[in-house]
Amino acid sequence: MSRVETEVNIDWEQVFEAISDLALIVDLDHRILSANRAVEKTTGLKRREIIGRKCYEIYHDKDHPPSDCPHNKMIASSLPETYEMEMESLGRSYLVTVTPIFSASGQVIQSIHIA
């Protein structure tokens, strides 16, 4: 294996953690399955406090998704959706991109949220 191949052969977790933007993996019910270090740093919460909760609870201080929720739009379209959203719990707006993750049969099963 060449040096270049070795350098590129890194694990998904390393890539996910290296992303400086807020990054989540979310199921179709808005439940957070994974969060990177940037989410912990920005929210002040530990992963054990984030994983299993709904994304709108963490970012919007709500018990339901906001009306312009890009996750809901992504589920309906099966396409990436990008919106500028106010994240009330963080006190500012973020550009949020929600990208579908597909099963082997082509069904949307989860999404990646980058803010």
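Residues numbered from 1 in each chain as written. Predicted model: local features only at pLDDT ≥ 70, side-chain atom pairs only at ≥ 80, totals over all residues. Heavy atoms only, no water.

**Considerations on the overall build of the chain**
Next, step 1: From N to C terminus, the chain includes six helices and five strands.
Next, step 2: The linear arrangement of helices and strands in the chain, starting from the amino end, is α-α-β-β-α-α-α-α-β-β-β.
Next, step 3: C-alpha atoms of the chain, sized along the principal axes, occupy 50 × 35 × 25 Å.
Next, step 4: Within the chain, the fraction of its 115 residues that count as buried is 34%.
Next, step 5: Put simply, of all contacts in the chain between residues at least 6 apart along the chain, 37% involve residues at least 24 apart.
Next, step 6: Carbon and sulfur atoms form 51% of the exposed surface of the chain, whose accessible area is close to 6900 Å². (Helix = DSSP H or I, 4+ residues; strand = E, 2+ residues; numbered from the N terminus. Buried < 20%, exposed > 50% of the residue type's maximum accessible area, 1.4 Å probe, protein only. Contact = heavy atoms within 4.5 Å. Areas by Shrake-Rupley, 256 points an atom, 1.4 Å probe, with all protein chains shown as cover.)

**A few points about the side chain of Asn36**
Next, step 1: As for its position among the elements, Asn36 is in the loop between strand S2 (32–35) and helix H3 (37–43).
Next, step 2: Setting aside anything within four residues of it in sequence, one finds Asn36 in contact with Phe16, Glu17, Ile19, Asp21, Leu22, Ala23 and Arg47.

**A look at unusual backbone geometry**
Keep in mind that most residues, glycine aside, have a negative phi and that most peptide bonds are trans.
Next, step 1: At Asp61, a position not held by glycine, the phi torsion is positive, near 50 degrees.
Next, step 2: Position of Asp61 relative to the elements: it lies in the loop between helix H5 (55–60) and helix H6 (70–77).
Next, step 3: Residue Asp61 is classed as exposed on the basis of its relative accessible area of 57%.
Next, step 4: Of note in this structure, Ser78 is not a glycine but carries a positive phi near 60 degrees.
Next, step 5: Among the structural elements, Ser78 can be located in the loop between H6 and strand S3 (81–87).
Next, step 6: Overall, Ser78 belongs to the partly exposed group, its relative accessible area being 32%.

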